[in-house]
Amino acid sequence: MTRLDLDGDVVDLLQALIDVESVSGNEQELADAVEAALTGRAHLQLTRFGNNVVARTDLGRESRVVVAGHLDTVPVAGNLPSTRTTLVGDDGLDGVEVITGRGSCDMKAGVAVALSCAATLLEPSRDVTWIFYDNEEVQADLNGLGLLAEAHPELLAGDFAVLGEPSNAVVEGGCQGTLRVTITLTGTAAHSARAWMGHNAIHDAADLLGRLAAYEPRTVDIDGLTYREGLNAVKITGGIAGNVIPDRCEVQINHRFAPDRTVEQAFAHVAEVFDGYELVLSDSSPGALPGLDRPAAQEFIAAVGGDPAPKFGWTDVARFSQLGVPAVNFGPGNPSKAHADDEFCPVAEVYACRDALLRWLG
């Protein structure tokens with residue numbers, strides 16, 4: 001079994017985490033290593049649920065916070081093992097020391113920070129629940145945090161939560177909601193040499209694409225953060241052969257919406273844009289309001305510093321929001337490097353996030 005040294009340098013810990021391949025569905029080795037590293041620490045109570053590891057303090061503090069991070073990554077693309085290197089020639093990053101490798105940004109850097117803090121904070125100012133979970137990068141019904149919430153909701157209880165997703169080491173509030181719909185267009189098949197005898201379903205997609213091209217997405221201000229929405233075709237399928245007029249075309253459309261709308265309201269908006277068409281909802285997840293006006297959030301922002309930003313994309317802060325727990329994203333790494341083949345995380349941000357959590361909880 002891989003041995004994780006939680007008492008050593010947090011960047012060395014990050015490299016050890018990266019070097020244990022943990023693509024979604026293959027997290028057991030890393031979960032075993034995390035559990036073993038936390039076992040025997042007298043200030044922590046451990047719970048293992050599948051490949052999810054929960055470590056809690058129980059010091060009778062007036063408040064409890066949750067710090068969570070996922071163990072899994074997207075598939076490896078020739079970017080293991082990890083390396084420690086200095087960037088050369090990158091715009092604005094020349095001379096910056098980074099850790100490269102799959103998961104370095106999304107989000108083993110955040111996991112390394114949390115594990116280091118969990119081991120260091122013997123008597124935190126607040127009781128803390130540290131959660132390390134699996135299957136975040138795949139479909140929602142496999143998400144370890146979601147399954148944990150269903151089986152043991154008491155383990156996610158808290159007054160405030162921090163998700164260690166990459167956020168450039170600044171607080172990112174809330175997250176966008178997302179939904180996908182499919183519109184199916186039908187025509188009449190015919191030989192392409194006698195096209196007038198058929199009706200081309202792909203050509204009918206021109207109206208849908210025209211509506212999308214003309215669409216102007218909202219920008220919404222919430223708690224001083226500006227969320228930008230989006231409505232885009234993300235997949236088109238149709239046609240069966242090079243000499244057949246297609247009688248069917250499917251257009252898949254993704255809507256990213258600000259957290260002031262529910263899934264139902266967002267779907268109603270999309271249905272209005274595509275009035276006259278039948279929409280089939282294939283996937284949806286609600287957003288999360290930033291909640292930066294909450295006292296716990298204000299204390300966290302004051303402790304870690306920086307100007308909060310909105311989170312573009314969906315993260316598991318939405319799960320905490322649904323449970324009534326205000327949550328923010330805060331972790332090392334640039335979100336634009338998540339899932340990239342040249343994924344990396346700046347070393348300085350790993351230290352900055354670790355030190356910020358220690359200030360807040362120390």
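Our structure is the block above this text.
A short tour of the structure in this document, coming up. Counting from 1, residues in each chain are numbered in the order their sequence is written. Local features in this predicted model are restricted to residues of pLDDT 70 or higher, and side-chain atom pairs are both shown and tallied only at a pLDDT of 80 or more, whereas totals for entire chains, interfaces and linings draw on every residue. Only hydrogens and water are removed before side-chain values are computed, so all heavy atoms of the structure are retained for them.

Observations regarding the layout of surface pockets
In plain terms, the rule: Of the two site types, the cavity is a set of points on a 1 Å grid over the protein atoms alone where a 1.4 Å probe fits but cannot get out, and the pocket is an open set with protein on both sides within 12 Å along at least five of seven lines, each lined by residues with an atom within 4 Å of a point. Grid points are joined across faces, edges and corners, and a volume is the space filled by probe spheres set on the points. For this scheme, ten residues count as nonpolar: Ala, Val, Leu, Ile, Met, Phe, Trp, Tyr, Cys and Pro. Four count as charged, namely Asp, Glu, Lys and Arg, and the remainder, Gly too, count as polar.
The volume enclosed by the largest pocket comes to roughly 640 Å³. Contributing to the lining of the largest pocket are 23 residues, with Glu136, Glu137, Arg256, Trp314 and Thr315 lying nearest its centre. Taken together, the residues of the lining of the largest pocket break down into 7 nonpolar, 7 polar and 9 charged. Looking at the second largest pocket, the residues that line it are Ile222, Asp223, Ala288, Leu289, Pro290, Gly291, Arg294, Ser321, Gly324, Val325, Pro326 and Ala327.

Thoughts on the sheet that holds strand E4 (residues 83-86)
This is how it is decided: Here the rule is simple: two strands pair whenever DSSP picks up at least two bridges between them. Starting at the N terminus, helices and strands are each numbered in turn, a helix being any DSSP run of H or I of at least four residues and a strand any DSSP run of E of at least two. Only the contacting stretch of a helix is used when fitting its axis, a line to C-alpha atoms as for every element, and angles between N-to-C directions run 0 to 180 degrees. Contact definition: two residues touch when any of their heavy atoms are within 4.5 Å.
Spatially, the 3 strands line up as an open sheet ordered E4-E5-E19, and their pairing is antiparallel. Of all the strands in the sheet, just E4 and strand E19 (344-346) have a single pairing partner and so form its edges. Within the sheet, the average angular offset between the axes of one strand and its neighbour, ignoring direction, is 30 degrees. As paired elements, E4 and strand E5 (residues 97-100) share 4 bridges and run antiparallel to each other. Note that in E5 the partner of Thr83 across the bridge is Thr100. Helix-sheet contacts for helix H1 (residues 10-18) involve E4 and E5, and the interaxial angle to E5 is about 25 degrees. Packing of helix H9 (residues 347-361) onto the sheet brings it into contact with E4, E5 and E19, and relative to E19 it is tilted by some 60 degrees.

What to know about the packing of helix H7 (residues 295-304) against H9
Our working rule: Note that the term roughly parallel is reserved for angles under 35 degrees, roughly antiparallel for angles over 145, roughly perpendicular for angles of 65 to 115, and oblique for everything else. Helix crossings are classified by the rotation of the near helix relative to the far one: an anticlockwise turn of less than a right angle makes the crossing left-handed, while a clockwise turn makes it right-handed.
Running from amino to carboxyl end, H7 crosses H9 at an angle of 130 degrees, the nearest separation of the two axes being 8 Å. Considering the angle they form, H7 stands oblique to H9. Classified by chirality, the crossing of H9 by H7 is right-handed. Contacts between H7 and H9 involve Glu299, Phe300, Ala303 and Val304 from the first element and Ala356, Leu357, Arg359 and Trp360 from the second. Along the lines of polarity and charge, the residues of the contact of H7 with H9 split into 6 nonpolar, no polar and 2 charged.

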